[in-house]
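# Structural overview
Listed below are the residues making up each chain.
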Amino acid sequence: MIVRILGEAQFDVADTDKSTLDNLEHALNAAVEGHDETAFASALASLIDAVRRTGTPLAPDSFTSSDLVVPFSDATLDETKALLEEPGGERT
Amino acid sequence: MGVMKRMSGILQAKTNKMLDKAEDPRESLDLSYQHLLENLQKVRRSVADVTTAKKRIELQATQLQGQADKLQQQAKDALGQNREDLAREALARRAALEPQLAELQTQHQQVADQETKLIVTSKNLQTQVDAFRTKKETMKATYTAAEAQTKIGEAVSGISESMGDAGMSVQRAQDKIDSMQARAGAMDELLASGALTDLTNPVDDIQAQLDQVSATSTVDDELAALKAEIGSGAPAQIGPAEGEAPKGPGGAPA
């Protein structure tokens, strides 16, 4: 699957690594729902680290759509919450 | 649905807005290329904006730091003249500048980060522009195959997603610059109004008092020397011989 880190690059992450990302994303989801700034920052850092570690960066000229998108590496909780309210970000 | 899937949906929605519903997929390749070029221009302008904003903060920080250094020096001078009260005042004013300096440093870091990110975005887009220009011509040439049509769709979606990402990066940098500009404007006004500069103006109150202390102490020294001469008739510091011509202060020849 292709994962994009906003403002950085796209990564090809093997399906076998999906559970790793899922677990880390749960922590991120919980931080967003619980409005926990500290937990959000650490969950986002861990998730981005995992994407970079398990994924292979795509060349900028690969022209591929992404399956998953990770917020900007220095995104704040408020900024992310505001972004999630934009069209296309509905929960269901 | 998790944050990553929702983020993907948001980027997709932005991308869809950008996609041109061209009748002929080959036409959508050219339109996407045009968009890509415009996008690159936008990112480059944004890099320039961020750099300008960064320079403005640096200028303000230099001005404030100069004022802080001057107050520090005044505190030293005041102590040298045994005016602890003045030294205390100068140090207190210097301390009041610290939060402003710290705020400027934080802003500078944020803007510098945005600049670094946008430069990367700009470089990536440039690479994409070059690659897409070649790729679209190849695709147009092989368009007859049904398979090529799907590939065009994929390439156009992929490139649009990149533009969506770049657009979000530019928007983000712009938001940061906007909020920073407002604060920088307030700081400029503060600097211009003299609310800060008065503290370290060459003729400010601390400096005036220091100058006065310095002048007074010179007069005091001279007075003491004169009193010593006249008072005892044979002051120790002027010399033992009676009837000698009076000497100037500090024992210098008259």
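Here the structure is a predicted model, which is why all the values come from computation and not from measurement.

## Considering the overall build of chain A
A tally of regular secondary structure across chain A gives three helices and four strands. In chain A, the succession of α and β elements from N to C terminus is β-β-α-α-β-β-α. Taking 2.2 N^0.38 as the reference for a compact globule, 92 residues should give roughly 12 Å; the C-alpha atoms of chain A span a radius of gyration of 13 Å, in line with that estimate. Seen along its three principal axes, the alpha-carbon backbone of chain A occupies a region of about 35 × 25 × 25 Å. Counting every position in chain A, which comprises 92 residues, the buried fraction comes to 40%. With 6 positive and 18 negative side-chain charges, chain A shows a spacing of 2 Å between the two charge centroids.

## What about the overall build of chain B?
Helix and strand counts for chain B stand at six helices and zero strands. By the burial criterion, 37% of the 254 residues in chain B qualify as buried. Nonlocal contacts in chain B, meaning residues at least 24 apart in sequence, comprise 81% of its contacts between residues at least 6 apart. A total accessible area of about 14,000 Å² is found for chain B, and carbon and sulfur atoms account for 54% of it.

## A few points about the environment of Ala87(B)
Residues and elements named next belong to chain B. Mapped onto the elements, Ala87 comes out in helix α3 (residues 84-141). For Ala87, a relative accessible area of 4% translates into the label buried. Residues Ala87 and Ala184 lie 97 residues apart in sequence; the distance between their C-alpha atoms is 30 Å. Residues contacting Ala87, with those up to four places away along its chain left out, are Ala75, Ala78 and Leu79.

## Digging into the pairing of strand β2 (residues 9-12) of chain A
Residues and elements named next belong to chain A. Examined bridge by bridge, strand β1 (residues 2-5) and β2 share four bridges and lie antiparallel to one another. Following the sheet pairing, Ile2 is matched in β2 by Asp12. Linkage of β1 to β2, two consecutive antiparallel strands, is achieved through a turn of three residues, within which Gly7 is found at a positive phi near 80 degrees. Direction of pairing for β2 relative to strand β3 (residues 56-57): antiparallel, over a ladder of two bridges. Across the sheet, Phe11 pairs through a bridge with Pro57, a residue of β3.

## Observations concerning the side chain of Asp165(B)
Its place among the elements puts Asp165(B) in helix α4 (residues 146-193). The exposure class assigned to Asp165(B) is buried, which follows from its relative accessible area of 5%. Setting aside anything within four residues of it in sequence, one finds Asp165(B) in contact with Arg4(A), Ile5(A), Leu6(A), Gly7(A), Glu8(A), Phe72(A) and Leu11(B).

## A word on the packing of aromatic side chains
One pass over the full model with this rule turns up one aromatic pair over all chains. Note on Phe63(A) and Phe132(B): the rings are 5.1 Å apart at their centroids and 80 degrees apart in plane angle, and the pair reads as edge-to-face. Here Phe63(A) is found in the loop between β3 and β4 (68-70), whereas its partner Phe132(B) is found in helix α3 on a different chain. Residue Phe63(A) is classed as buried on the basis of its relative accessible area of 5%. Using a relative accessible area of 0% as the deciding quantity, one classes Phe132(B) as buried. Between the NZ or CZ atom of Lys136(B) and the centre of the ring of Tyr33(B), over which it lies, the distance is 5.0 Å. Above the ring of Phe72(A), the side-chain terminus of Arg172(B) is found at 4.4 Å from the ring centroid.

## Here's the deal with the interface of chain A and chain B
Interfaces are often sized by the amount of accessible area the parts lose when they come together. Counting residues at the interface gives 40 residues for chain A and 33 residues for chain B. Of the roughly 3,200 Å² buried at the junction of chain A and chain B (both faces included), carbon and sulfur atoms supply 56%. It is Pro60(A), Phe63(A) and Val69(A) that lose the most area in chain A upon contact with chain B, and together they represent 22% of the buried surface on that side. Linking chain A with chain B are five salt bridges. We note a salt bridge from Arg4(A) to Glu161(B), for which the minimum N-O separation is 2.5 Å.

## What about helix α2 (residues 25-80) of chain B?
Since the α-helix packs 3.6 residues into each turn, any two residues three or four apart lie on the same face. The terminal C-alpha atoms of α2(B) lie 82 Å apart, and with 56 residues this matches the ideal 82 Å at 1.5 Å per residue to within 8%. Looking one or two residues past α2(B), Asn82(B) carries a phi angle of roughly 60 degrees, positive in sign.

## A word on the pairing of β1(A)
All names here are of chain A. Here β1 shows two buried faces, one formed by Ile2 and Arg4 and the other by Val3 and Ile5. For β1 and β4, the ladder comprises three bridges, and the chain directions are parallel. Following the sheet pairing, Arg4 is matched in β4 by Val69.

About the thresholds
- Residues numbered from 1 in each chain as written.
- Chains lettered and ligands numbered in written order.
- Predicted model: local features only at pLDDT ≥ 70, side-chain atom pairs only at ≥ 80, totals over all residues.
- Heavy atoms only, no water.
- Helix = DSSP H or I, 4+ residues; strand = E, 2+ residues; numbered from the N terminus.
- Rg over C-alpha atoms; globule rule 2.2 N^0.38 Å.
- Buried < 20%, exposed > 50% of the residue type's maximum accessible area, 1.4 Å probe, protein only.
- Lys, Arg positive; Asp, Glu negative; His and termini not counted.
- Charge placed at Lys NZ, Arg CZ, Asp CG, Glu CD.
- Contact = heavy atoms within 4.5 Å.
- Areas by Shrake-Rupley, 256 points an atom, 1.4 Å probe, with all protein chains shown as cover.
- Pairing = 2+ DSSP bridges.
- Phe/Tyr/Trp six-rings, centres within 6.5 Å; stacked < 30°, edge-to-face > 60°.
- Lys NZ or Arg CZ within 6 Å of the ring centre and 35° of its normal.
- Buried area = accessible area lost by both parts, 1.4 Å probe.
- Salt bridge = Lys/Arg side-chain N within 4 Å of Asp/Glu carboxyl O.
- Expected span 1.5 Å × (residues − 1).

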